[in-house]
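As a plain string of letters, each chain reads:
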Amino acid sequence: MQDEKEYIKALQNPHTQQKAFADLLTQYEKPLYFHVRTIVLNHDDSHDVLQNTFIKVFQNLNEFKGESKLYSWLFRIATNEALSYINKAATKNNYSTVEYQQKAVDNLVADTYFEGDAIQLKLQRAISILPEKQQLVFKMRYFEDLKYEEMSEILCTSVGALKASYHIAVKKIEEFIKT
């Protein structure tokens, strides 16, 4: 992809926006889907969240000032959309977000797109009991192999706080898996 500033200009220019946005979809659809999927867990729900993410991105292109990397901005929107989805779905079903996440893990077995085994399910159950921030940090670090600096831009949290959250999450997961 060309220089990011030039690319952002192309995204914001009505004459070049359609092609630039198509390029954005091509480049970011898979990584954003995977990111959303690690949060939402369900394939179909992840596609819905991804669609909402790209709608929100398109609607807010002219608001993007380039104060963060485009990548970080996209992932921040996707993260917020995924969390909003979980919160709305939990409320709609009269669950806490933790209960909703645990139900989502239980439903993974029936998801034809889930390729994990019993160990993967146990890991997902352990993750589901973590507080939201620890879940995010663990998933972004463990499944997506994001650097703390990248997570810091996406989550607007200090690197030190992210490292602490990850360390605590790992300890809790280890305890859960031992039982």
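Our structure's up above, just so we're on the same page.
Predicted model, so just to flag it, every value in this text is computed and none were measured. (Residues numbered from 1 in each chain as written. Predicted model: local features only at pLDDT ≥ 70, side-chain atom pairs only at ≥ 80, totals over all residues. Heavy atoms only, no water.)

### Things to note about helix H1 (residues 4-12)
And then number 1: Within H1 the residues assigned to the buried category are Tyr7, Ile8, Ala10 and Leu11. An end-on view of H1 places all buried positions within 160° of arc, on one side of the element. The outward face of H1, more than 90 degrees from its buried face, is lined by the exposed residues Lys5 and Lys9. (Buried < 20%, exposed > 50% of the residue type's maximum accessible area, 1.4 Å probe, protein only. Helix = DSSP H or I, 4+ residues; strand = E, 2+ residues; numbered from the N terminus. Arc of directions from axis to C-beta.)

### Observations regarding unusual backbone geometry
And then number 1: Its identity is not glycine, yet Leu41 carries a phi of approximately 80°, on the positive side.
And then number 2: With respect to the helices and strands, Leu41 occurs in the loop between helix H2 (17-40) and helix H3 (43-59).

### As for the packing of helix H7 (residues 132-142) against helix H9 (residues 159-178)
And then number 1: With their axes 8 Å apart at the nearest point, H7 and H9 run at an angle of 90° to one another. Between H7 and H9, the crossing angle belongs to the class labelled roughly perpendicular. Contacts between H7 and H9 involve Lys133, Gln134, Val137, Phe138, Arg141 and Tyr142 on the former and, on the latter, Leu162, Ser165, Tyr166, Ile168, Ala169, Val170, Lys172 and Ile173.
And then number 2: A class-by-class count of the residues in the contact of H7 with H9 yields nine nonpolar, two polar and three charged. (Axes fitted to C-alpha atoms, helices over the stretch in contact; angles between N-to-C directions. Parallel < 35°, antiparallel > 145°, perpendicular 65-115°, else oblique. Contact = heavy atoms within 4.5 Å. Nonpolar A, V, L, I, M, F, W, Y, C, P; charged D, E, K, R; others polar.)

### Thoughts on the nonpolar core
And then number 1: With 48 residues, the main nonpolar core has Leu11, Leu24, Leu32, Val57, Leu70, Trp73 and Leu74 as its most contacted residues.
And then number 2: A total of eleven residues in this core trace back to one element, the largest contributor, which is helix H4 (residues 70-92).
And then number 3: Apart from the residues lying within four places of it in its own chain, the contact partners of Leu74 are Leu24, Tyr28, Leu32, Thr53 and Val57.
And then number 4: Counting residues in hydrophobic clusters, the runner-up holds six residues, among them Leu41, Ala104, Val105 and Phe114. (Core = buried A, V, L, I, M, F, W, Y, C linked by side-chain atoms within 4.5 Å.)

### Re the packing of aromatic side chains
And then number 1: By the definition in use, this model includes nine aromatic pairs.
And then number 2: Note on Phe138 and Phe143: the rings are 6.5 Å apart at their centroids and 90° apart in plane angle, and the pair reads as edge-to-face.
And then number 3: The class for Phe138 is buried, based on a relative accessible area of 4%.
And then number 4: Among the aromatic residues, those joined into a cluster by ring pairs are Phe138, Tyr142, Phe143, Tyr148 and Tyr166. (Phe/Tyr/Trp six-rings, centres within 6.5 Å; stacked < 30°, edge-to-face > 60°.)

### Side note on the pattern of salt bridges
And then number 1: Per the counting criterion, the structure on display carries five salt bridges.
And then number 2: Among the salt bridges present, the one from Lys19 reaches Asp23, with a minimum N-O distance of 3.1 Å. You can see Lys19 and its partner Asp23 sitting in helix H2, four residues apart, about one turn around the helix.
And then number 3: Since its relative accessible area comes to 57%, Lys19 is described here as exposed. (Salt bridge = Lys/Arg side-chain N within 4 Å of Asp/Glu carboxyl O.)

### Here's the deal with H3
And then number 1: In a regular helix each residue adds 1.5 Å, so 17 residues correspond to 24 Å; H3 covers 24 Å between its end C-alpha atoms and thus fits that length.
And then number 2: Listing the buried residues of H3 in full gives His43, Asp45, Ser46, Val49, Leu50, Thr53, Phe54 and Val57.
And then number 3: Among the structural elements, H2, H4 and helix H5 (97-107) are those in contact with the buried residues of H3.
And then number 4: For H3, the capping residue at the N-terminal end is Asn42, with a side-chain oxygen 2.9 Å from the backbone nitrogen of Asp44. (Expected span 1.5 Å × (residues − 1). Polar contact = N/O pair within 3.5 Å; in protein donor to acceptor, adjacent residues only side chain to side chain.)

### Quick word on the side chain of Thr79
And then number 1: With respect to the secondary-structure elements, Thr79 resides in helix H4.
And then number 2: Within polar-contact distance, the side chain of Thr79 engages the backbone oxygen of Phe75 at 2.7 Å.
And then number 3: Ignoring sequence-local partners within four residues, the contact set of Thr79 consists of His35, Ile39, Leu136, Ile154 and Leu155.

### Section: the side chain of Gln124
And then number 1: Along the chain, Gln124 falls in helix H6 (residues 118-128).
And then number 2: Setting aside its immediate chain neighbours within four residues, Gln124 contacts Leu41, Val105, Leu108, Lys139 and Phe143.

Function cannot be inferred from these measures alone, as they are strictly geometric.
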